[in-house]
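Structure assessment
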Amino acid sequence: MLSPAVLLLLAWMIVPLTMTIYFSFLRYNLLSPGINAWAGWSNYQYFLTDPAFFAALTNTLLLVVGVLLITVIGGTLLALLLDQPIWGQGVVRILVLAPFFVMPTVSALVWKNMFMNPVNGLFAYAAKAVGLQPFDFLAHAPLASIILIVAWQWLPFAALILLTALQSMDQEQMEASEIDGAGPFSRFFYLVLPHLSRAITVVILIQTIFLLSIFAEILVTTNGGPGYASTNITYLVYAQSLLQFDVGGGSAGGIIAVILANIVAIFLMRMIGKNLEA
Amino acid sequence: MGSIKLNKVTKSFGSTQVIPPLDLEIQDGEFVVFVGPSGCGKSTLLRLIAGLEDVTSGMIEINGVDATQTPPSKRGLAMVFQSYALYPHMSVRKNIAFPLKMAKLAPEERDQKVENAASVLNLTDYLDRRPGQLSGGQRQRVAIGRAIVREPDAFLFDEPLSNLDAALRVNMRLEISELHQTLATTMIYVTHDQVEAMTMADKIVVLNAGHIAQVGSPLELYHKPANVFVAGFIGSPKMNLVTGPDAQAMDAHTIGVRPEHITISEGGGTWTGKVGVSEHLGSDTFLRVNVDGVGTLTVRASGEVALRHGDSVSLIPEEGKVHRFDADGLAMQ
């Protein structure tokens, strides 16, 4: 039986999805309204053969993998640090979590104007202070800069999840390993890391979902440029439908993005989903 | 090799002193049981010996060498924890081999020792399972196996049987005693269960609020308790402790009679009372007799005793089996 809740959820998903699929088969351009002729697969053909598509695909993967690497490794180290008893622990933990509360647009603007700006930014100031040429991050390393900004936002999330996992670590196990002669590194690799594997899986799965659709940071910093150097699939769909007013092409891109996300999800579940089994 | 000596050892957590200055000597090969009510500091004492807690002052000697500052892994001790503390994501084999791996033993030698330990503990069929797939008793054996392979100078057990059911506990008790016979290694065993203490120990250390109340063999503690605390703690059911005129008549502040040292008489006796609750164990019956002016006395009678709730009985303590204690609770001779 379909309960009302399921029906509501289905409608919520099915209606936009079918409309997107429908639009993706139309010649639907906002600059020439009224001519909504059937276009067949041509929208898909244009989108997939667009040289920007492969650049965007690579950028999307680099962005996801880069941010995941930084947040998982950094988050684990940060969680280990935060697990140590220190004075003012509560305040420190809230401060560490703070970046997660900052809106993506705001944090990207802060990074762009206050840190990475080659004239007024803090990094430029630091470079000049030691006699170096300021580096224009967003012009010369746009994707790496965006990875840095996004990782900064997501690091607290990873650290917090991993910290809670660390705190559920059995203390007697740690003591047993101490008596067994395991040093700090052996203890980390043989006990802590296996214990964290499930939490790390959760972090990777959740973050991947959100990282595939990074948009605001790109919009306010680089606008996908220079060229296509920092355009990901999400941004490409936006550009297609709202900068070129090509609703049909944008819809086709959206459907392709949905398919790609599903492929990634299947691979992820295959690779690391077994960690979630009890 | 396995003598341990504590010299004026104290331990404080913040401003609370849980172990006041304490001296204790444990000979090589002894099976020593620390027993006491919860919170008496027995586990803390064990953790001090293991090196998991730092002593506040005093000295711990292992094999005649000062080991106060030695890290836990270098003390030559192995410990079995209450929760077993097995590594959940490693197979039984890897669990047992872990200390050897940390000691950087060659893989062949490691396998050899693991196989040996497994055959001693009947774990050979389970070597490739995870701890989560084992029963409580098997987990316990894995924990012991992990301790054995290190060939330590002494084993430390921290309430190892308290998570097992009653039947299994009796079995494991025997297995640990047998292990002690075969290995002849010093063992220190912490428990709150005086039955475990009585059945396993060569030497029992009764602890009360961090102090050693008495040290001695099980029968010494049973026959000659040094004070009221030991008298009340050792023996099951508890010794009857009586104060008041009856005690004063014997020049003591408190007198103690064990339930098994009271006889029920048909005619008059020292005490007369009414039977309250009686517990039938088959072999024995424990009667709780309410005596006016004295309180409730526990009496052990034979299994077939035909007394019922409310019956009136007379009780006579056995001659020469009455323990006398002075006002400070110390035994009087």
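Fair warning: this is a prediction, and the values are worked out from it, not measured in the lab.

With that settled, consider the packing of helix H2 (residues 92–102) of chain B against helix H3 (residues 107–120) of chain B. Relative placement of two packed helices is described by the angle separating their axes and the distance separating the axes. All names here are of chain B. The N-to-C vectors of H2 and H3 enclose an angle of 130°; their axes lie 9 Å apart at closest approach. Classified by the angle their axes make, H2 and H3 are oblique. Crossing geometry of H2 relative to H3 is assigned as right-handed. Across from Arg 93, Ile 96, Ala 97, Leu 100 and Lys 101 in H2, the residues of H3 making contact are Arg 110, Lys 113, Val 114 and Glu 115. Here the contact of H2 with H3 is composed, by residue class, of four nonpolar, no polar and five charged.

All names here are of chain B. Across the eight residues of strand E15 (residues 284–291), six count as buried, placing the element largely inside the fold. With six bridges joining them, strand E14 (residues 271–280) and E15 adopt antiparallel strand pairing. For Val 275, the partnering residue across the bridge sits in E15 and is Val 289. Hairpin geometry of E14 and E15 is characterised by an intervening segment of three residues between the two adjacent antiparallel strands and by a positive phi of about 95° at Gly 282. Here E15 pairs with strand E16 (residues 295–302) via eight bridges, running antiparallel. Note that in E16 the partner of Val 289 across the bridge is Leu 297.

Let us look at the sheet that holds strand E2 (residues 16–26) of chain B. All names here are of chain B. Reading across the sheet, the four strands line up as E2-E1-E4-E5 and stay open at both edges, with antiparallel pairing between neighbours. The outermost strands of the open sheet, each flanked by one partner alone, are E2 and strand E5 (65–66). Judged from the two bridges that link them, strand E4 (residues 57–62) and E5 form a sheet pairing that is antiparallel. Bridge assignment links Ile 62 to a residue of E5, and that residue is Val 65. The sheet strands contacting helix H1 (residues 42–50) are strand E1 (4–13), E2 and E4, and the helix crosses E1 at an angle near 115°.

As a further point, take the pattern of salt bridges. All names here are of chain B. This structure, assessed with the given rule, holds 13 salt bridges over all chains. Across the salt bridge formed by Glu 53 and Arg 47, the nearest N and O atoms sit 3.2 Å from each other. For Arg 47, a relative accessible area of 17% gives the class buried.

All names here are of chain B. Domain annotation of chain B identifies domain 1 (4–230) and domain 2 (237–332). Distance between the C-alpha centres of domain 1 and domain 2: 37 Å. Taken together, the contact between domain 1 and domain 2 spans seven residues of the former and ten residues of the latter. Together domain 1 and domain 2 conceal approximately 670 Å² of surface at their shared face, both sides included; 59% is due to carbon and sulfur atoms. Among the residues of domain 1 in contact with domain 2, Tyr 222, Pro 225 and Val 228 are the three that bury the most area, contributing 72% of the side total. Taken together, the connections running from domain 1 to domain 2 amount to zero salt bridges. Joining domain 1 to domain 2, the criterion identifies four residue pairs in polar contact (both at pLDDT 80 or more). No other element matches the three residues that helix H7 (residues 218–223) contributes to the side of domain 1 that touches domain 2. The class makeup of the residues in the side of domain 1 that touches domain 2 is five nonpolar, two polar and no charged.

This part takes up helix H9 (residues 171–179) of chain A. Burial runs high along H9(A): seven of the nine residues are buried. Among the residues of H9(A), those classed as buried are Glu172(A), Gln173(A), Met174(A), Glu175(A), Ala176(A), Ser177(A) and Ile179(A). Buried residues along H9(A) sit against helix H10 (184–211) of chain A together with H1, strand E6 (77–80), H2 and helix H4 (136–148) of chain B. Following H9(A) by one or two positions, Gly181(A) adopts a phi angle in the positive range, close to 90°.

All right, on to the pairing of strand E11 (residues 240–243) of chain B then. All names here are of chain B. Because side chains alternate across E11, one face comprises the buried residues Asn 240 and Val 242, and the other comprises Leu 241 and Thr 243, none of which is buried. Judged from the four bridges that link them, E11 and strand E12 (residues 254–257) form a sheet pairing that is antiparallel. Considered in E12, the bridge of Thr 243 is made with Thr 254.

Here we take up a nonpolar patch on the surface. Where nonpolar side chains cluster on the molecular surface, the patch consists of Leu2(A), Val6(A), Leu7(A), Leu10(A), Met13(A) and Ile14(A) and spans about 520 Å² of accessible area. Within the element layout of this structure, Met13(A) appears in helix H1 (residues 4–24).

As a general point, the strands of a sheet are linked pairwise by backbone hydrogen bonds and lie either parallel or antiparallel. All names here are of chain B. One open sheet accounts for five strands, arranged E13-E17-E14-E15-E16; its pairing is antiparallel. The sheet terminates laterally at strand E13 (262–265) and E16, the two strands that pair on one side only. Each neighbouring strand pair of the sheet contributes to a mean axis angle of 45°, computed without reference to strand direction.

A word on the interface of chain A and chain B. Tallying the contact residues gives 16 residues for chain A and 24 residues for chain B. Taken over both partners, the interface formed by chain A and chain B buries close to 1700 Å², and the fraction arising from carbon and sulfur atoms is 61%. Sorting the residues of chain A by area buried against chain B places Ile179(A), Asp180(A) and Tyr190(A) first, and these three jointly supply 42% of that buried surface. At the junction of chain A and chain B, the tally comes to two salt bridges. Across the contact surface, chain A and chain B share eight residue pairs in polar contact (both at pLDDT 80 or more). When residues of the side of chain A that touches chain B are traced back to their parent elements, those giving at least two are H9 and H10 of chain A.

Cut-offs applied
Residues numbered from 1 in each chain as written. Chains lettered and ligands numbered in written order. Predicted model: local features only at pLDDT ≥ 70, side-chain atom pairs only at ≥ 80, totals over all residues. Heavy atoms only, no water. Axes fitted to C-alpha atoms, helices over the stretch in contact; angles between N-to-C directions. Helix = DSSP H or I, 4+ residues; strand = E, 2+ residues; numbered from the N terminus. Parallel < 35°, antiparallel > 145°, perpendicular 65-115°, else oblique. Left-handed = near helix turned anticlockwise from the far one by under 90°. Contact = heavy atoms within 4.5 Å. Nonpolar A, V, L, I, M, F, W, Y, C, P; charged D, E, K, R; others polar. Buried < 20%, exposed > 50% of the residue type's maximum accessible area, 1.4 Å probe, protein only. Pairing = 2+ DSSP bridges. Salt bridge = Lys/Arg side-chain N within 4 Å of Asp/Glu carboxyl O. Domains from an automatic or database assignment. Buried area = accessible area lost by both parts, 1.4 Å probe. Polar contact = N/O pair within 3.5 Å; in protein donor to acceptor, adjacent residues only side chain to side chain. Patch = residues over 30% accessible without salt bridge, like charges linked within 9 Å, V, L, I, M, F, W, Y side chains within 5 Å. Areas by Shrake-Rupley, 256 points an atom, 1.4 Å probe, with all protein chains shown as cover.

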